[in-house]
Amino acid sequence: MDTEKKISVVINTYNASQHLAKVLESVKEFDEVVVCDMESTDNTRDIAASYGCRIVTFPKGNYNIAEPARTFAIQSAKSKWVLVVDADELITPGLREALYREIGKPDCPEGLYIPRQNMFMGMPLRDFSYDYQLRFFIREGTEWPPYVHTLPKVQGRVEKLKGSSKVKMVHLMDETIQETLTKLNHYTDSELEKKRQKGYGLWALLWRPVWRFLQCYVLEGAFRMGVRGMIRAGMAAVYQYALISKLIEERYRGIKN
């Protein structure tokens, strides 16, 4: 195959053995699979090795998120094109075929947002609720900021790939509300550095949670999920309220100190 038409799959891992075999099974038809491991203490590396993956190591240090290792992982790939997959996401055959079709076109953009199907309270979300992730792009020049919930910086045009029941990523994680709240606390802590310069105050504390609720419930179609949709939108609002509250608290404590 033309080297310009090859795709490397990049997976960041840390103690990711729960779903890793299923994930690797779903990506084994790509040209290369690179597992960037952050010094796992379980059998993550053994599973990756059993699938013939190329394994590179990024020191975990004090990091609790994958983003600081993303750029290193991406630049460790050998192909022109890179698909970033988390260790709890499956790639459908339809998505794989669609990506190879795209890079075969003369006007293919340098980056593509990929449709992802999530789970919530035991329910696979339907296509109206797919969230789009910028996970497919050219390797050269792409950098990923080292903060949670950031997007890679791609050198070139970026577009959205149309999703369907066959063309999608499938997110296997189905967290309980307790797990969601624990992760919410962790993620908002990790996002503080990125948001400090925004100067959020009382107005943001009022409108951002409301806007995020309406965005999730109405624009993203959560209202079609009944009570589960109401809870899902509420959790999205709570995330914003917690994040802004932490930013305000930092300022108050700074003044007091």
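Residues numbered from 1 in each chain as written. Predicted model: local features only at pLDDT ≥ 70, side-chain atom pairs only at ≥ 80, totals over all residues. Heavy atoms only, no water.

Some words on the overall build of the chain
Summing up its helical and strand segments, the chain has seven helices and eleven strands in all. If you line up the chain on its principal axes, its C-alpha atoms span 60 × 45 × 35 Å. Of all 257 residues assigned to the chain, the portion counted as buried reaches 48%. Restricting to contacts in the chain with at least 6 residues of sequence separation, those with at least 24 account for 71%. (Helix = DSSP H or I, 4+ residues; strand = E, 2+ residues; numbered from the N terminus. Buried < 20%, exposed > 50% of the residue type's maximum accessible area, 1.4 Å probe, protein only. Contact = heavy atoms within 4.5 Å.)

Some remarks on the packing of aromatic side chains
What the rule picks out here adds up to six aromatic pairs. With a centroid separation of 5.8 Å and 50° between ring planes, the pair formed by phenylalanine 58 and phenylalanine 72 is classed as tilted. Of this pair, phenylalanine 58 sits in the loop between strand E3 (54-57) and helix H3 (67-75) while phenylalanine 72 sits in helix H3, and the two are 14 residues apart along the sequence. Among the residues examined, phenylalanine 58 registers a relative accessible area of 15% and is labelled buried. Three or more aromatic residues joined by ring pairs make a cluster, and in this case those are Phe58, Tyr63 and Phe72. A cation over an aromatic ring shows up here: arginine 70 above the ring of tryptophan 144, its NZ or CZ 4.9 Å from the ring centre. A cation over an aromatic ring shows up here: lysine 160 above the ring of tyrosine 132, its NZ or CZ 4.4 Å from the ring centre. (Phe/Tyr/Trp six-rings, centres within 6.5 Å; stacked < 30°, edge-to-face > 60°. Lys NZ or Arg CZ within 6 Å of the ring centre and 35° of its normal.)

Here's the deal with unusual backbone geometry
With a phi angle near 45°, asparagine 15 is a residue other than glycine that sits in the positive phi range. One can find asparagine 15 in the loop between strand E1 (7-13) and helix H1 (17-27). The phi dihedral of histidine 149 falls on the positive side, at around 60°, and the residue is not glycine. The topology assignment puts histidine 149 in the loop between strand E9 (131-138) and strand E10 (158-160).

Points about the pairing of E1
Counting buried residues in E1 gives seven out of seven residues, a clear majority hidden from the surface. Alternating positions in E1 separate into two faces, Ile7, Val9, Ile11 and Thr13 on one and Ser8, Val10 and Asn12 on the other, with burial throughout. With four bridges joining them, E1 and strand E4 (residues 81-84) adopt parallel strand pairing. Each bridged residue has a counterpart across the sheet, and for valine 10 the counterpart in E4 is valine 84. As paired strands, E1 and strand E2 (residues 32-37) are joined by six bridges and run parallel to one another. Bridge pairing links asparagine 12 to cysteine 36 in E2. Remark: the E1/H1/E2 crossover connection has right-handed handedness. (Pairing = 2+ DSSP bridges. Right-handed = clockwise from strand over helix to strand, strands pointing away.)

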